[in-house]
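Summary of the model geometry
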Amino acid sequence: MGHHSRRDSVAGNPPSSSSSSAFSPSDHHHHHHNSHGYDLSWPFSKLDSLDREDIRETAYEVFFTACRSSPGFGGKNALTFYSSDHADGGAGGLGTVAARANGVGMAPTSRMKRALGLKALKRSPTRRSLSGGIGGGVSNPSSPSAAHGSASPRFGFTVPAARTRRPLTSAEIMRQQMRVTEQSDNRLRKTLMRSLVGQLGRRAETIILPLELLRHLKPSEFNDAHEYHLWQKRQIKVLEAGLIDHPSIPLEKSNTFVMRLREIIRASESKPIDTGKNSETLRALCNSVVSLSWRTPNGAPAEVCHWADGFPLNLHLYLALLQSIFDIKEETMVLDEVDELLELMKKTWSTLGITKQFHNLCFTWVLFYQYVSTGQTESDLLCAAFAMLADVGNDAKRPDRDPNYLKFLSSVLASMQSWSEKRLLNYHEYFNKGIVGLMENLLPLALSATKILDEDVTATVLAEQEREEPTVDVDHAGNRVDYYIRSSTRNAFTKMIEQGNFSSVNVLDEEEATEALLQVAKETEDLAVKEKETFSPILKRWHPIAAGVASVTLHQCYGALLKQYLAGMSTLTSDTIGVLQRAGKLEKILVQMVVEDSVDCEDGGKAIVREMVPYEVDSVIYHLLQKWIEERLEAVKECLDRAKENETWNPKSKTDPYAQSGVELMKLAKETVDNFFEIPIGISDDLVQNLAERLEAIFQDYTTFAASCGTKQSYVPQLPPLTRCNRDSKFIKLWKRATPTCSVPIEGIQQSATNEGHHPRPSTSRGTQRLYIRLNTLNYLLSHLHSLDKILSFSPRIVPSSTRNQLRSSSRRQLGTSSAYFDLARLSIQTAAQHVSEVAAYRLIFLDSNSVFYDCLYVDDVANARIRPALRLLKQNLTLMGAILTDRAQALAIKEVMKASFEAYLMVLLAGGSCRVFCRSDHEMIEEDFDSLKRVFATCGEGLIAEDVVEREAETVEGVVALMGQSTEQLMEDFSILACEASGIGVVGAGHKLPMPPTTGRWNRADPNTILRVLCYRNDRAANLFLKRTFQLAKRR
């Protein structure tokens, strides 16, 4: 048929242009690249044997035959009248009663167009007029000249300007609209006139039109044999489609007429069949066609023939007719003459087996399809399709529905629904700001189609349909719109993620993931605002909280991404805090949108808000912060554990006389606290307290470890047994000559220094020096605790979490002292420092200085074993101590050395062993020596020990020294009184013995045991006899 323009789409099968791609599943794939309507599925099944041109031409033939008795189609009284732009003009010139009655001229306004809300055509009706006679000026649209006519470049209806015009008849409009050539139209008119001569009243449904045309049209009436062969094949294919492929009444498999007809069809493929009067083929064809056409289901006589009323052939033919109502130049416009044209098309119903229900369904489809195929530019077509759906919905509720109607109803509505919902489920992409109003027209249509499908089409029919997309089981209107909102919002969010390449935040590095989440939060906020301002006002007509639903969906989408991000974060960082804080801000915005949108809801929006699982940003930050604290404290604990395994208590360096472990421990603690306050959030006082307590526990553990250095008692020699002096014993004299010096055996003692004239070297052992490092380290911890406490107490990032903590924090600031967080640790360190100082002092005196102090002082003879050598060595050791110890540690350490020295001096006097004896006359030298010892400490350093402290500590020793200056008689008397008082017996009577006072080790001039020891070491006959009679003490050997 030559080249066809876009208006080829008026045929039942789709053309190769965008305007009709949905009309033919068989042709669909050839033009997939240039159509807006390709995703609109064809709902009327396929016709494999007929193409769109075959359908269009056959539909026109059926239409013309059905209307042959009407004016303008060859019937009588085909009158003519003029359009409104003629001399008798005026707007009312076209609407005369006579014109309507005769059906030749058309009213410029249409009742149906008004009912469907369709616009009137913009151009004057004179465009559908002919100059001169009825046949003038219409050229063959297949010819090259027609393709380039001056008036219509598509169809070549040339109108000479100098000639008068008249309106077209209905027949002429239909011929133009359906692109039928004048030659084809004339052949059809002549053939019907010849074949139905004298049968003007014969009903169209009793005419087997293709057969009549085959019988009466001869090859001579065509331009050539090839044209005739093509025409004949079309007529035979129509018979095949209507009688064999798609019969209205089912065929038996063994029907002989079918077999014969198939043979003729096969024969016609290669050459035309003979249609002469004497042709056996024609006779066989007529016999088969007539027999098949006049069948009835029950064998009763037929009133109509059935050659074009089988499904879906009849629907394809009828759709081709309906498609002609659209203007061939403005394809989005419906002809003003649509009322009259549809009335004429109604005459084909009996031939095609069309009912009012099928008409409504097909007309709805044609309107919807035209909207889609013309680029979705004319919303009036969509509104008209929606208006027609009201009639379709009423038809669907009728109890007498035909099974075929239900089948095609389901298919048509499913196609419309699928196409519509593809856009509504992704309306953010399909409806930009400029065309968002189209959604307002598409949404009610989709809801209406869905409602009819769900309420009026049975589940059995639905199950038989091949749907492009499964129907989602949701309720209508509000719930369905809810589904659209959630789906489109989710799709928009997903697209945003994909375009930003953020889909796998867990595989990005931390910095990239952070930037991604921050960007997504901003874009999510923008998307929510766009939704509220652009789409929600439209959607709110069907859903009261449209913006709220979209906000909830975005909240869920971002929440899932945030959860994915947090799962990949191993620890808390400033970036993580930034993401969480931005998420919190986004959540507040979305929640506010929900609240504002649901203010008029019955429940105040509680149900929709419950869908928003909170991000719990503060809680997440708190838990991440706790996790961060745990990780940092674990590092500090590991440092402590390493110290316990490896610490040797050697100084870190000459300038840092502390243990490496202590320095490292404090460094880690300081970094933890500093980093803790670098986290960009307000930190609650409870968290600060928790961190401080955990650190304090570690400090206390380390302090306990540092103080694990034994006890001072391990260095004190055991007390020798009490004995009495044997002054003139020969054995004693011989023993003194043989052993000029004596020593009390002390287990584990190692001499580390020797007398070297008047300048002895310090005797401080390595072990004692390590104790000094412990002491330095403890003081190092103590000094840094003060620094940590200030940071924890005065940081501006702290947010009081309770009234109690607020008061505590306030009082701490007012005091200006670090006396809150590490009190227990400070106390522990001070106790440990005291203990280590004692152990170091006793080790220095009783171990390192033993050779010149306890082992030598006053041995044999006081006058020849004075304290001067011991003092020289003591001064050297104190000098070394001062060089090693830090300033903070020196005072306590020297004080403990003083106390240890005084203790050792008392032991020399009271528990010096068998090599020491004292006379009353030695008192002055002993007193002088002790004064010298006191001066060493009173003058040590620059006032490290106050003189009154020295005097107070020396009181006990001076009391014992004073006892040594008393007479033996006085000592015995004092002892007797104190011993009786201590034992609680009062005065010793005749026959009673004095009780032996217990050894307490707390030497004191008022202690009976102390006085007893002075008597034991008194080289005096009276003392010897007193001890022998009273306690039977053994003599010294």
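Residues numbered from 1 in each chain as written. Predicted model: local features only at pLDDT ≥ 70, side-chain atom pairs only at ≥ 80, totals over all residues. Heavy atoms only, no water.

**Focus on the overall build of the chain**
In terms of regular secondary structure, the chain is built from 39 helices and four strands. Buried positions account for 52% of the 1037 residues belonging to the chain. The contacts of the chain with a sequence gap of at least 6 include a subset with a gap of at least 24, amounting to 78%. Accessible area for the chain stands at about 46700 Å²; split by element, carbon and sulfur atoms hold 51% of it. (Helix = DSSP H or I, 4+ residues; strand = E, 2+ residues; numbered from the N terminus. Buried < 20%, exposed > 50% of the residue type's maximum accessible area, 1.4 Å probe, protein only. Contact = heavy atoms within 4.5 Å. Areas by Shrake-Rupley, 256 points an atom, 1.4 Å probe, with all protein chains shown as cover.)

**Overview of a nonpolar patch on the surface**
The grouping of Val591, Val595 and Val609 at the surface amounts to a nonpolar patch, some 180 Å² of accessible area in total. Mapped onto the fold, Val609 is located in helix H25 (residues 606-610). (Patch = residues over 30% accessible without salt bridge, like charges linked within 9 Å, V, L, I, M, F, W, Y side chains within 5 Å. Salt bridge = Lys/Arg side-chain N within 4 Å of Asp/Glu carboxyl O.)

**Details of the side chain of Thr296**
Tracing the backbone through its elements, the reader meets Thr296 in the loop between helix H11 (280-293) and helix H12 (313-322). With a relative accessible area of 18%, Thr296 lands in the buried category. At 2.7 Å, the side chain of Thr296 and the backbone oxygen of Ala300 are in polar contact. In this structure Thr296 touches Ile249, Pro301 and Ala302, once residues within four positions along its chain are discounted. (Polar contact = N/O pair within 3.5 Å; in protein donor to acceptor, adjacent residues only side chain to side chain.)

**Some remarks on the environment of Arg202**
One can find Arg202 in the loop between helix H7 (182-195) and helix H8 (209-216). Overall, the relative accessible area of 27% leaves Arg202 in the partly exposed class. Counting along the chain gives 136 residues from Arg202 to Ala66, while the straight-line C-alpha distance between them is 9.9 Å. What Arg202 contacts, discounting residues up to four positions off in sequence, is Arg68, Leu196 and Ile207. Polar contacts involving the side chain of Arg202 include one to the main-chain carbonyl oxygen of Thr206, which spans 2.8 Å.

**Structural notes on unusual backbone geometry**
In this structure, Pro312 follows Phe311 across a cis peptide bond, with omega equal to 0°. Tracing the sequence through the fold places Pro312 in the loop between H11 and H12. With a phi angle near 50°, Glu616 is a residue other than glycine that sits in the positive phi range. Checked against the element boundaries, Glu616 lands in the loop between H25 and helix H26 (617-646). Under the relative-accessibility criterion, Glu616 is labelled partly exposed at 48%. Positive phi, close to 65°, is recorded for Tyr858, a residue that is not glycine.

**Looking at helix H39 (residues 1021-1031)**
Along H39, the residues that are buried comprise Ala1023, Asn1024, Phe1026, Leu1027, Thr1030 and Phe1031. Seen from one end, H39 has its buried residues packed into an arc of 165°, which puts them on one side. Facing away from the buried side of H39 by over 90 degrees, the exposed positions are Arg1021 and Arg1029. Buried positions along H39 lie against helix H37 (968-983) and helix H38 (1008-1016). Between a side-chain oxygen at the N-terminus of H39 and the backbone nitrogen of Ala1022 the separation is 2.9 Å; the capping residue is Asp1020. One or two residues past the end of H39 sits Gln1032, with phi positive at roughly 50°. (Arc of directions from axis to C-beta.)

**A few points about the pattern of salt bridges**
One pass over the structure, following the stated rule, counts 39 salt bridges. Of the charged contacts in the structure, one is a salt bridge between Arg694 and Glu630, with a shortest N-O distance of 2.9 Å. Here the residue Arg694 occupies a position in helix H28 (residues 685-706), and Glu630 occupies one in helix H26, the gap between them amounting to 64 residues. The salt bridge involving Glu664 is made with Arg642; its shortest N-O contact spans 2.6 Å.

**Overview of the packing of helix H32 (residues 823-848) against helix H34 (residues 887-910)**
At their nearest, the axes of H32 and H34 sit 8 Å apart, and the two run at 45° to each other. Here H34 runs oblique to H32, going by the angle between their axes. The handedness of the crossing between H32 and H34 comes out as right-handed. Across the interface between the two elements, Ala833, Gln834, Ser837, Glu838, Ala841, Tyr842, Leu844, Ile845 and Phe846 of H32 pack against Leu892, Ala893, Glu896, Val897, Ala900, Ser901, Glu903, Ala904 and Met907 of H34. Of the residues in the contact of H32 with H34, the class split is twelve nonpolar, three polar and three charged. (Axes fitted to C-alpha atoms, helices over the stretch in contact; angles between N-to-C directions. Parallel < 35°, antiparallel > 145°, perpendicular 65-115°, else oblique. Left-handed = near helix turned anticlockwise from the far one by under 90°. Nonpolar A, V, L, I, M, F, W, Y, C, P; charged D, E, K, R; others polar.)

**Here we look at the environment of Ala390**
Its place among the elements puts Ala390 in helix H16 (residues 379-396). With 58 residues separating them along the chain, Ala390 and Ser448 place their C-alpha atoms 8.1 Å apart.

**Brief notes about the packing of aromatic side chains**
Under the counting rule described, the total for this entry stands at 33 aromatic pairs. Aromatic pair Trp365 and Tyr369: ring centres 6.4 Å apart, planes at 20°, arrangement stacked. Taken together, the residues Trp365 and Tyr369, both in helix H15 (residues 356-373) and four residues apart, mark about one turn of the helix. Given the relative accessible area of 0%, Trp365 is considered buried. With a relative accessible area of 1%, Tyr369 lands in the buried category. (Phe/Tyr/Trp six-rings, centres within 6.5 Å; stacked < 30°, edge-to-face > 60°.)

**Brief notes about the packing of H12 against H15**
Look at H12 against H15: their axes get within 10 Å of each other, and the N-to-C directions meet at 55°. The angle between H12 and H15 places the two elements in the oblique class. Crossing of H12 against H15: the hand is right-handed. For the pair formed by H12 and H15, the contact residues are Leu315, Tyr318, Leu319 and Leu322 on the first element and Phe358, His359, Cys362, Phe363, Trp365 and Val366 on the second.

**Some words on a negative patch on the surface**
Where like charges cluster on the molecular surface, the negative patch consists of Asp509, Glu510, Glu511, Glu512, Glu515 and Asp575. Structurally, Asp575 can be placed in helix H24 (residues 574-597). A relative accessible area of 34% places Asp575 in the partly exposed class. (Lys, Arg positive; Asp, Glu negative; His and termini not counted. Charge placed at Lys NZ, Arg CZ, Asp CG, Glu CD.)

**Here's the deal with the confidence of the model for the chain**
When the pLDDT values of the chain are averaged, the result is 81; 80% of them are 70 or greater. Here residues 729-735 is a poorly scored stretch, pLDDT under 50, and it has eight contacts once near neighbours within four places are set aside; other chains count. Confidence over residues 810-818 falls short of pLDDT 50; this stretch has 14 contacts with residues more than four positions distant or in other chains. (pLDDT = per-residue confidence, 0-100.)

**Some details on H16**
Structural remark: α-helix, 3.6 residues per turn; residues separated by three or four positions point the same way. Over its 18 residues, H16 extends 25 Å from the first C-alpha to the last, a length consistent with the 26 Å expected when each residue adds 1.5 Å. As for H16, its buried residues are in contact with helix H4 (111-116), H15, helix H17 (403-424) and helix H19 (437-456). One side-chain oxygen at the N-terminal end of H16 lies 3.1 Å from the backbone nitrogen of Asp380; it belongs to Glu378. (Expected span 1.5 Å × (residues − 1).)

**Overview of the environment of Pro444**
Of note, Pro444 is situated in helix H19. What makes Pro444 buried here is its relative accessible area of 13%. Distance in space between the C-alpha atoms of Pro444 and Val481 is 9.9 Å, their sequence separation being 37 residues. Pro444 has contacts with Phe386, Met439 and Trp542, leaving out every residue within four places of it along the chain.

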